[in-house]
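# Per-entry structural report
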Amino acid sequence: MRQPTLPPELLLLQNYHKPLISVSKPSYATYPHDYSLPQLRRSPLKFSFSSVFSPCKLIRPFHLNGLHRSGDVILGGLFEVHYTSVFPELTFTSEPNKHVCQGFDPPGFRHALTMAFAIEEINENPNLLPDVTLGYSLYDNCATLVIGFSAAISLASGQEEQFVPQTGCFGSPPVLGIVGDSFSTFSIATSDVLGLFRLPIVSYFATCSCLSDRRRFPSFFRTIPNDAFQVHAMIQILKHFDWTWVGLLVSDDDYGLHVAQSFQSELTQSGLGCLAYLEVLPWGENPTELRRIVEVIKKSVARVIIVFAHQIHMIQLMEEVLKQNATGLQWLASEAWTTAVVLQTPRLMPYLGGTLGIAISRGEIPGLQHFLQKTRPGDNYHNENSMIRQFWEHTFQCRFSPTTSWVEAGGAFCTGEEDLQSVETEFLDVSNLRPEYNIYKAVYALAYALDDMLKCEPGRGPFTDNSCAFLQTMEPWQLMHYLEKVNFSVPFGDQVSFDQNGDALPTYDILNWQWLPDGGVKVQKVGIVKKSTFNDEELKLDEDKIFWNFNDNQPPESVCSTNCPPGTRMARQKGQPVCCFDCIPCSEGKFSNATGSAECISCPEDFWSSPLRDLCVPKKTEFLSYQEPLGVCLTTASVLGTISCAVVLAIFTCHRQTPMVKANNSELSFLLLFSLKLCFLCSLLFIGQPRLWTCQLRHVAFGISFVLCVSCILVKTMVVLAVFKASKPGGGANLKWFGAAQQKRTVFALTCIQAAVCSVWIVMASPVPHKNIQYHNDIIVYECLVGSIIGFSVLLGYIGMLAVISFILAFLARNLPDNFNEAKLITFSMLIFCAVWVAFVPAYISSPGKYADAVEVFAILASSFGLLMSLFGPKCYVILMRPEKNTKKAIMARGTK
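Rules and cut-offs
- Throughout, residues of each chain are indexed from 1 in the direction in which the sequence is written.
- Two thresholds apply to this predicted model, a pLDDT of at least 70 for residue-level local features and 80 or more for giving and counting side-chain atom pairs, whereas whole-chain, interface and lining totals are computed over all residues.
- For side-chain calculations, the full set of non-hydrogen atoms in the structure is used, while hydrogens and water are omitted.
- Helix and strand definitions follow DSSP, with helices as H or I runs of at least four residues and strands as E runs of at least two, each counted in order from the N terminus.
- For the exposure calls, accessible area comes from a 1.4 Å probe over protein chains only, and a residue counts as buried if that area is under 20% of its type's maximum, exposed if over 50%, partly exposed in between.
- Between two residues, a contact is recorded if the distance between any of their heavy atoms is within 4.5 Å.
- Here, Shrake-Rupley sampling with a 1.4 Å probe gives the accessible areas, and only protein chains in the shown set may cover a residue.
- By this definition, two strands are paired if DSSP reports at least two bridges between them.
- Each axis is a line fitted through C-alpha atoms, taken for helices only over the stretch in contact, and angles between the N-to-C directions span 0 to 180 degrees.
- Here the nonpolar core consists of buried residues drawn from Ala, Val, Leu, Ile, Met, Phe, Trp, Tyr and Cys, with membership extended through side-chain atoms lying within 4.5 Å.
- A residue counts toward a patch only above 30% relative accessible area and without a salt bridge, and it is joined to like-charged neighbours within 9 Å or, for Val, Leu, Ile, Met, Phe, Trp and Tyr, to nonpolar neighbours within 5 Å.
- For this document, the term salt bridge refers to a Lys or Arg side-chain nitrogen within 4 Å of an Asp or Glu carboxyl oxygen.
- The quantity called pLDDT is the predictor's confidence in a given residue, expressed from 0 to 100.
- For the purposes of this analysis, a disulfide is any pair of cysteine sulfur atoms at a distance within 2.5 Å.
- We call Phe, Tyr and Trp rings a pair once their centres come within 6.5 Å, taking the six-membered ring for Trp, and we label the pair stacked below 30 degrees between planes, edge-to-face above 60, and tilted otherwise.
- Working rule for helices: expected span equals 1.5 Å times residues minus one.
- For any helix crossing, the convention is left-handed if the near helix is rotated counterclockwise from the far helix by under a right angle, and right-handed if that rotation is clockwise.
- Think of it as three bins: nonpolar holds Ala, Val, Leu, Ile, Met, Phe, Trp, Tyr, Cys and Pro, charged holds Asp, Glu, Lys and Arg, and polar takes everything else, Gly as well.

### Things to note about the overall build of the protein
Helix and strand content of the protein: 23 helices and 33 strands. Burial status across the protein gives 51% buried among its 897 residues. Contacts in the protein between residues at least 24 apart in sequence constitute 70% of all its contacts with a sequence separation of at least 6. Here the protein has roughly 40,900 Å² of accessible surface; of this, 57% comes from carbon and sulfur atoms.

Here's what the structure looks like:
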């Protein structure tokens with residue numbers, strides 16, 4: 001979007017806008033049903049004639065550079081043919097409109113002639129407006145708001161010297177539509193006024209998104225995308241190259257300030273980046289401010305700078321960049337200066353080389369160059385076609401009406417016969433038609449709308465009572481109705497239509513400033529960004545064609561903080577934008593497997609974060625294993641205990657006829673050894689990964705085995721007491737209750753009670769395997785849940801009760817003669833058994849994980865070894881080592897000391 005090269009002279013606007021004629025309030029009629037505001041009858045400006053003025057006439061005409069062609073319908077145009085203007089010092093007697101336009105701009109004049117060419121082409125087209133001849137009135141705005149606004153008012157109201165009273169000032173307006181202006185500020189001022197009368201304005205270069213406000217600017221259209229799309233396209237480029245920390249420079253006008261607001265809002269909403277700084281480039285000479293801005297650029301770590309400003313701003317800025325030697329920057333150019341040839345010089349390319357810019361789509365206009373080559377000043381020495389005469393004087397450095405000082409200085413006299421093709425002029429360069437292409441489409445849009453309007457069939461029209469518009473009485477708002485619905489394709493292939501806001505389908509080219517080895521400069525198209533009717537924005541970039549002004553010819557990195565690697569998360573720095581952050585390692589149990597993660601993700605239940613926190617790995621499993629040293633030791637002890645029982649059983653079997661074996665109730669001894677072997681073997685069920693069947697079987701086997709063992713000891717103790725009492729007079733009757741059959745039944749009954757407890761426990765609340773993650777975060781401890789604490793307590797309590805009873809009875813019988821009992825051995829064995837299991841309970845409760853199982857196995861093995869060694873150790877010693885004592889006499893003798 002282009003803006004004036006000088007700030008608007010708003011003080012002059014007041015003088016320029018004195019009434020041209022006496023104006024009364026417009027008369028209104030009912031608008032068609034699809035318009036919410038009242039329609040104007042006939043022309044946009046209604047003039048009532050005062051009795052003082054007859055005929056009515058202009059109070060003061062505007063003196064404007066113009067180019068005109070008569071026709072049935074006139075289209076207006078506003079172009080920047082000069083890029084500055086000089087006004088005389090304001091006095092009470094000066095004429096404020098006697099301005100002088102300076103600084104002839106050949107491309108701006110080419111823009112004006114492009115409109116003239118398009119109208120000539122339409123007039124020669126038999127299929128478009130066949131019975132209508134289009135004319136034009138093109139004015140130079142001199143890049144000054146006052147002049148541009150005055151020209152727009154002149155187009156809307158005309159500059160005829162007199163109006164005939166009898167006509168009542170009715171009839172078709174001077175123009176039905178205006179192509180222009182190129183500046184957003186000018187377009188805002190013009191549309192604010194002319195929009196009240198629904199005069200269509202089709203701009204080819206005004207991009208401010210504020211002009212899309214249909215309520216404020218109901219008759220404004222444009223063939224260039226608005227800044228909102230340009231901002232979005234720029235953000236797409238930032239996203240493509242992962243540039244998240246950028247600087248933004250804007251011009252101090254409607255264009256720049258609206259872009260700044262839009263860019264900040266869109267960047268924040270998208271979450272794709274942040275602004276390192278936002279600076280407003282001043283109008284005019286302000287070296288102090290420019291110096292400060294360049295210092296900000298140099299201090300920032302942002303390597304990418306986006307500039308939404310005008311050519312004049314960049315020229316001033318680059319002078320300061322050169323002074324401070326601010327290199328290593330990647331510039332992103334808005335369409336306002338992307339194609340600025342004045343910046344593409346060997347002097348500036350060390351700094352601007354590699355610039356990426358958004359530009360208006362280039363188009364082809366066949367025949368335009370030939371039309372431009374035919375430009376001649378002709379014989380018209382008046383103001384009607386003054387722009388051609390000014391172009392001629394600028395190109396050939398001559399004068400049609402030379403002053404004395406000009407002649408004395410050796411200046412040439414213009415003849416009008418000079419050869420235009422003999423000079424090198426930017427005016428004839430049609431290799432890069434971008435604004436011209438938009439002008440071409442704007443003219444054709446008005447022509448197609450007019451053609452559709454004139455093709456209306458009476459009785460089937462869109463206006464009141466299905467009426468149509470007619471050539472002699474047509475009004476601008478009627479043309480605007482058709483302009484809103486226009487849809488056509490230009491010869492180059494692009495489709496032209498307007499959305500509900502008057503904006504065209506947006507398309508931009510992406511250009512790259514390439515610094516050639518020979519010192520030349522080439523502007524290369526490297527991509528396109530567009531939006532179709534049905535699709536979203538689409539960015540295409542050919543990165544292989546992009547030239548980067550860096551040593552490695554690679555795109556630069558422009559971030560506030562480097563993306564956090566996997567295994568970390570971003571933590572925003574206090575008081576800084578979201579793009580400035582620290583990388584915090586993920587906590588245990590969480591991970592991030594992508595670069596730039598905002599949050600760490602918790603691992604699934606059976607997984608844990610790796611040491612680098614970049615993935616989840618299966619948790620280590622822990623249980624009392626056969627492979628670990630503790631498991632091997634316990635397994636070895638269990639096997640040794642089982643073997644020991646087998647050895648003792650073999651010894652007792654081999655010596656079963658000896659007095660030592662017979663005297664100790666051999667059947668109960670054999671059953672006791674069998675139960676001890678089961679106790680040793682059941683400990684193996686506590687080793688290995690818990691399964692449902694092992695969890696259930698381990699406690700059942702443990703409970704029944706130990707009850708069987710303790711029951712045998714209890715019965716042996718009771719038998720000893722019964723035998724002693726039977727040895728006394730009258731005590732023989734007690735032995736009938738302790739025969740071999742009764743002993744077996746007692747042991748079986750006591751064991752069945754434990755079996756019943758285990759059965760109820762399994763049925764009601766069975767022990768189950770459980771993966772415990774409470775002990776260690778990164779370890780899964782496999783354990784068996786007892787299911788029912790009551791069941792487990794009853795099982796242990798029953799064993800403990802039998803053991804306590806056995807201990808008490810054995811303790812009472814400890815002083816009996818040795819020839820009647822082994823009570824001392826049973827007392828000692830039961831003391832060991834009870835001590836082990838009393839110590840087991842707190843140790844079991846306080847031991848975590850596999851160590852709880854190890855404690856239980858240790859208790860089983862310790863108590864089993866204690867019983868085995870206490871009860872059978874002395875006997876085996878006598879049997880094997882002291883056979884002379886394994887006699888009836890020796891055994892009987894021990895009791896007769």
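### A word on the sheet that holds strand β17 (residues 356-360)
Taken together, 8 strands build an open sheet; the order of strands is β14-β13-β15-β16-β17-β22-β23-β24 and the sheet is mixed. The open sheet is flanked by β14 (274-281) and β24 (538-541), the only strands paired with a single partner. Strand after strand, the sheet turns through a mean of 25 degrees between neighbouring axes, direction not considered. Inspection of the sheet shows β17 paired to strand β22 (residues 507-515) by 5 bridges, in the antiparallel sense. Counterpart to Gly357 in the pairing with β22 is Leu511. Across the face of the sheet, helix α5 (residues 227-240) comes into contact with β13 (245-251), β15 (304-308), β16 (330-333), β17, β22, β23 (521-530) and β24 while running at roughly 170 degrees to β15. Across the sheet, helix α7 (residues 287-299) lies against β13, β14 and β15, angled at about 165 degrees from β14, the strand it touches most.

### Regarding the nonpolar core
Ranked by internal contacts, the top residues of the largest apolar core, which has 106 residues, are Trp243, Phe263 and Phe308. The element that contributes the greatest number of residues to this core is helix α13 (residues 435-454), accounting for 12 residues. Residues within four places of Trp243 in sequence aside, it is in contact with Ile237, Leu238, Leu272, Val304, Gln330, Leu332, Leu356, Trp548, Pro555, Pro556 and Ser558. Listed in part, the 64 residues of the second largest apolar core include Leu673, Val715, Tyr844 and Ile860.

### Observations regarding a nonpolar patch on the surface
Side chains of Val639, Leu640, Ile643 and Val647 sit close together on the surface and give an oily, nonpolar patch of about 320 Å² of accessible area. Its location among the elements puts Ile643 in helix α15 (residues 629-654). On the accessibility criterion, Ile643 (45% relative accessible area) is partly exposed.

### Overview of the confidence of the model for the protein
Fine structural detail should not be taken from predicted coordinates in areas where pLDDT scores are low. Considering every residue of the protein, the mean pLDDT works out to 81; 84% of them sit at 70 or more. Scored below 50 in pLDDT, residues 1-54 makes 148 contacts in the model with residues more than four places away or belonging to other chains. For residues 162-172, every residue scores under 50 in pLDDT, and the model assigns this stretch 27 contacts once sequence neighbours within four places are set aside.

### Some thoughts on the state of the cysteines
Chemically, a disulfide is nothing more than a covalent bond linking the sulfur atoms of two cysteines. What the rule picks out here adds up to 10 disulfides. What pairs with Cys274 in a disulfide is Cys579, and their sulfur atoms sit 2.1 Å apart. Judged by the sign of its S-S torsion, about 85 degrees, the bond between Cys274 and Cys579 is right-handed. Linking Cys274 in strand β14 with Cys579 in the loop between β25 (568-572) and β26 (581-585), this pair joins segments that are 305 residues apart in sequence. Residue Cys274 is classed as buried on the basis of its relative accessible area of 7%. Residue classification places Cys579 among the buried residues on the basis of a relative accessible area of 9%. In this structure Cys682 is not part of a disulfide, and its nearest cysteine sulfur, from Cys679, lies 5.6 Å away. Lacking any disulfide linkage, Cys712 is separated from the closest cysteine sulfur, that of Cys709, by 6.9 Å. Given a relative accessible area of 0%, Cys712 falls into the buried group.

### Thoughts on the environment of Leu348
Within the secondary structure layout, Leu348 lies in the loop between β16 and α9 (349-352). For Leu348, a relative accessible area of 5% gives the class buried. With 30 residues separating them along the chain, Leu348 and Met318 place their C-alpha atoms 7.6 Å apart. Apart from residues no more than four positions distant in its own chain, Leu348 is found in contact with Met318, Leu322 and Leu343.

### Remarks on the packing of aromatic side chains
Under the counting rule described, the total for this entry stands at 29 aromatic pairs. Each ring, one from Phe623 and one from Tyr782, has its centre 6.2 Å from the other, and the planes form 75 degrees; the classification is edge-to-face. Separated by 159 residues along the polypeptide, Phe623 in the loop between β31 (620-622) and α15 and Tyr782 in strand β33 (residues 779-785) bring together distant segments of the chain. Just as Phe623 is buried, Tyr782 falls in that class too. When the centroid spacing of 5.9 Å and the interplanar angle of 45 degrees are considered together, the rings of Trp761 and Phe792 count as tilted. One end of the pair, Trp761, is in helix α19 (residues 740-764); the other, Phe792, is in helix α20 (residues 789-812), with 31 residues separating them in the sequence. On the basis of relative accessibility, which here comes to 9%, the residue Phe792 falls in the buried class. Taken together, Phe104, Phe109, Phe391, Trp392, Phe396 and Phe427 form an aromatic cluster joined through their ring pairs.

### Notes on the pattern of salt bridges
All told, the structure shown has 15 salt bridges when counted by the stated rule. The residue Arg292 makes a salt bridge to Glu289 at a minimum N-O spacing of 2.7 Å. In this pair, Arg292 and Glu289 are both assigned in helix α7, 3 residues apart and thus about one turn of the helix distant. Taking relative accessible area as the criterion, Arg292 reaches 32% and is therefore assigned partly exposed.

### Focus on the environment of Leu428
Relative to the elements of secondary structure, Leu428 occurs in the loop between β19 (412-413) and α13. Each C-alpha atom, one on Leu428 and one on Gln369, is 6.4 Å from the other, the two residues being 59 residues apart in sequence. Leaving out residues up to four positions away in the same chain, Leu428 has contacts with Gln369, Leu372, Gln373 and Leu420.

### A word on the sheet that holds strand β32 (residues 768-776)
One open sheet holds the 3 strands; their spatial order is β31-β33-β32, and the pairing between them is mixed. Strands with a single pairing partner mark the edges of an open sheet, and in this sheet they are β31 and β32. Between one strand and the next, the sheet's axes are offset by a mean angle of 35 degrees, whatever the strand orientation. Note: β31 against β33, 3 bridges, orientation parallel. Paired with Thr621 across the strands is Ile780, a residue of β33.

### Side note on helix α3 (residues 145-157)
Here α3 is 13 residues long and its end C-alpha atoms lie 18 Å apart, about the 18 Å a rise of 1.5 Å per residue gives. Counting buried residues in α3 gives 13 out of 13 residues, a clear majority hidden from the surface. Where α3 terminates, the next one or two residues include Gly158, which has phi positive at roughly 85 degrees.

### With respect to the packing of helix α2 (residues 106-123) against α13
For the pair α2 and α13, the least separation of the axes is 9 Å and the interaxial angle reads 35 degrees. The two elements α2 and α13 cross, and the hand of that crossing is right-handed. On α13, the residues touching Pro107, Arg110, His111, Thr114, Met115, Phe117, Ala118, Ile119, Glu121 and Ile122 of α2 are Pro435, Glu436, Ile439, Tyr440, Val443, Tyr444 and Ala447. Looking at side-chain class alone, the contact of α2 with α13 contains 12 nonpolar, 2 polar and 3 charged residues.

### Notes on unusual backbone geometry
Here Gly180 and Asp181 are connected by a cis peptide whose omega angle stands at 0 degrees. Here Asp181 lies in the loop between β10 (177-179) and α4 (184-194). Positive phi, close to 55 degrees, is recorded for Cys142, a residue that is not glycine. Within the secondary structure layout, Cys142 lies in the loop between β8 (134-140) and α3.

### Looking at α13
Along its 20 residues, α13 runs 29 Å from first to last C-alpha, staying within 8% of the 28 Å computed at 1.5 Å per residue. With 17 of 20 residues buried, α13 lies mostly within the body of the structure.

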